[in-house]
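Architecture at a glance
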Amino acid sequence: MNLVSLSIESIQLGHPLPFALRGTDGALLAKKGYVVRSLEELATMVGRGRQLCVDTDESGESYRAYLAQLQRMLIADTNLGQIAAMKMSAAEDPVARERGRVLPEWPELQLRATQLLRAPSPADFAGRFQPLLEELARHCENTPDATLLALVYLSAQEARMYSATHSMLVSCVCMVVAREMFRWPDARVHVLGSAALTMNIGMSELQDQLAQQSHPLTAQQIAAVEAHSARSEAMLRQLGVSDAVWLEAVRCHHHRTPGPLAGKSEAQQMARLIQRADLFGARLAPRAARLPMPVTAAMQASYYDEAQQVDEAGASLVKTLGVYPPGSFVRLASKEVGVVIRRGVTATTPRVAVLTNRDGMPTGEPIPRDTGMPPWKVTGVVASRDVRVSLPLDRLLALA
């Protein structure tokens, strides 16, 4: 048996393992094909085995990809410390993965969602809505980190199509939390995603206008915002939506109802999770009248309820996304600045792609960092406006 350390961050939640996982003593922790469902389950495995390892005789293509990556690092004259820290990955070889991977066209999804939510029609609403929701749900299930990365990243920049981008973010956050933390069945997750995606359909155009408005809201605008939940429910009924849970979740998604989820109905549980995710997403987004909040402040707003007690739905959101969710910018102990591209084993140890070095100069190519290692520990968040390097979203998604 020839054991090699495995990069924990490379294990994709919800996907079959490409090889058996073993501890440092060779003890079997999980068989090939086993599906790891949550970060908590992964952390338990690490605790049992002290470290996750792979027997190279059992790993096939993954071990060959690991050797190829080491070879590329040697050719590139990479620092010996980074080479020594290199671990095997549960994912495919990045080059091979990128050749066969089709990334979502997020600008196209933003446009589709904007057109649908601004001008819905009973004649074709279901035919346009269901494919959009199903595509988002598929991305949440198959590539949750890349999906969160895209939507958090876009939300920190988007003002023109704010309403649709915000609704997609809230919908995807809710679906990821419901699947990974609450283990809700697919049918229930889809109803939750549907409610979150349509929560603001009664004021979508106004919401886009307000995102770019620098003067205070008028009395008429305030009245429209306060009535939008009921208006959204009424519009959905006119559009042919008859699911009672979906409609009630939309109607109640701005209700302030702290307390244990177990004491709430199915629709009220969904509404509370949507409300917490809505708070989180709204604070990330820029407005003409204010700057976006740091991601940690947005998380804190979701974590505590109206009485400043820990909120069950909000805490589940933070546990699932991590303190530094994909798409947020952070500073490391090395003084480097990067963007979070993937959640880590714990809430405070995400995988980061470094964009600027300790002197503030662009790195050229993003450099992956494992923030679970002391030299690259996260020391704080950085506002997106203060990051002077702009990379195309697809370049970042290729690393997630």
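The paragraphs below set out a description of the structure included in this document.

The rules we used
Residues numbered from 1 in each chain as written. Predicted model: local features only at pLDDT ≥ 70, side-chain atom pairs only at ≥ 80, totals over all residues. Heavy atoms only, no water. Helix = DSSP H or I, 4+ residues; strand = E, 2+ residues; numbered from the N terminus. Contact = heavy atoms within 4.5 Å. Areas by Shrake-Rupley, 256 points an atom, 1.4 Å probe, with all protein chains shown as cover. Pairing = 2+ DSSP bridges. Axes fitted to C-alpha atoms, helices over the stretch in contact; angles between N-to-C directions. Phe/Tyr/Trp six-rings, centres within 6.5 Å; stacked < 30°, edge-to-face > 60°. Buried < 20%, exposed > 50% of the residue type's maximum accessible area, 1.4 Å probe, protein only. Lys NZ or Arg CZ within 6 Å of the ring centre and 35° of its normal. Salt bridge = Lys/Arg side-chain N within 4 Å of Asp/Glu carboxyl O. Expected span 1.5 Å × (residues − 1). Left-handed = near helix turned anticlockwise from the far one by under 90°. Nonpolar A, V, L, I, M, F, W, Y, C, P; charged D, E, K, R; others polar.

Looking only at helices and strands, one finds 18 helices and nine strands in the protein. Summarising the internal contacts of the protein: among those between residues at least 6 apart in sequence, 62% fall at separations of at least 24. Working note: accessible area of the protein is about 17,900 Å², and carbon and sulfur atoms make up 53% of it.

Read from one edge of the open sheet, five strands run S8-S7-S6-S5-S9, paired in antiparallel fashion. Both edges of this open sheet fall to strand S8 (362-370) and strand S9 (378-382), since each of them pairs with a single strand only. Strand-to-strand twist of the sheet, defined as the mean angle between neighbouring strand axes without regard to direction, takes the value 35 degrees. Pairing between strand S5 (residues 329-332) and strand S6 (residues 337-342): three bridges, direction antiparallel. Of the residues in S6, the one forming a bridge with Arg331 is Val337. Seen against the sheet, helix H8 (residues 144-155) touches S5 and S6 and runs at an angle of roughly 135 degrees to S6.

Next up on the list: the packing of aromatic side chains. For the coordinates displayed, the defined rule picks out five aromatic pairs. Residues Phe125 and Phe129 carry aromatic rings whose centres are separated by 5.3 Å and whose planes lie at 15 degrees to one another, so their mutual orientation is stacked. Within this pair, Phe125 and its partner Phe129 are both found in helix H7 (residues 125-142), separated by four residues, close to a single helical turn. Overall, Phe125 belongs to the buried group, its relative accessible area being 2%. Relative accessible area serves as the criterion here: at 1%, Phe129 is assigned to the buried category. One Lys or Arg, Arg188, reaches over the ring of Trp184 and ends 3.8 Å from the middle of that ring.

As a further point, take the pairing of S5. Two successive antiparallel strands, S5 and S6, enclose a turn made up of four residues, where Lys335 displays a positive phi of approximately 75 degrees. Both S5 and S9 contribute to a ladder of four bridges, which runs antiparallel. Bridge pairing links Arg331 to Gly380 in S9.

What follows concerns the pattern of salt bridges. Tallied over the full model, the rule gives 15 salt bridges. Here Arg128 ties to Asp124 by a salt bridge, and the two come within 3.8 Å at their closest N and O atoms. For Arg128, a relative accessible area of 29% gives the class partly exposed. Through salt bridges with shared partners, a single network forms among Arg272, Arg276, Glu306 and Asp311.

Time to look at H8. Structurally, the α-helix is built with 3.6 residues per turn, so residues lying three or four positions apart point the same way. Between the first and last C-alpha of H8 there are 16 Å, a value that for 12 residues agrees with the 16 Å anticipated at 1.5 Å per step. Taken across its 12 residues, H8 has 12 buried, putting it largely inside the fold. Within the sequence span of H8, burial applies to Pro144, Asp145, Ala146, Thr147, Leu148, Leu149, Ala150, Leu151, Val152, Tyr153, Leu154 and Ser155.

Contact geometry for helix H16 (residues 295-303) and helix H17 (residues 312-321): axes closest at 7 Å, N-to-C directions at 145 degrees. In this structure, H16 uses Met299, Ser302 and Tyr303 to contact H17, whose residues at the interface are Gly314, Ala315, Leu317, Val318 and Leu321.

Pairing analysis gives five bridges linking strand S7 (residues 351-356) to S8, with the strands arranged antiparallel. If you follow Thr356 over to S8, its bridge partner there is Pro362. As consecutive antiparallel partners, S7 and S8 are separated by five residues, and within that stretch Gly360 has a phi angle of approximately 85 degrees, a positive value.

Between H7 and helix H10 (residues 186-197), the shortest axis-to-axis distance is 10 Å and the interhelical angle comes to 115 degrees. In the packing of H7 onto H10, the handedness of the crossing is right-handed. Contacts from Phe129, Leu132, Leu133, Leu136 and Ala137 in H7 reach His190, Gly193, Ser194 and Leu197 in H10. Each residue belonging to the contact of H7 with H10 can be placed in one class, and the counts come to six nonpolar, three polar and no charged.

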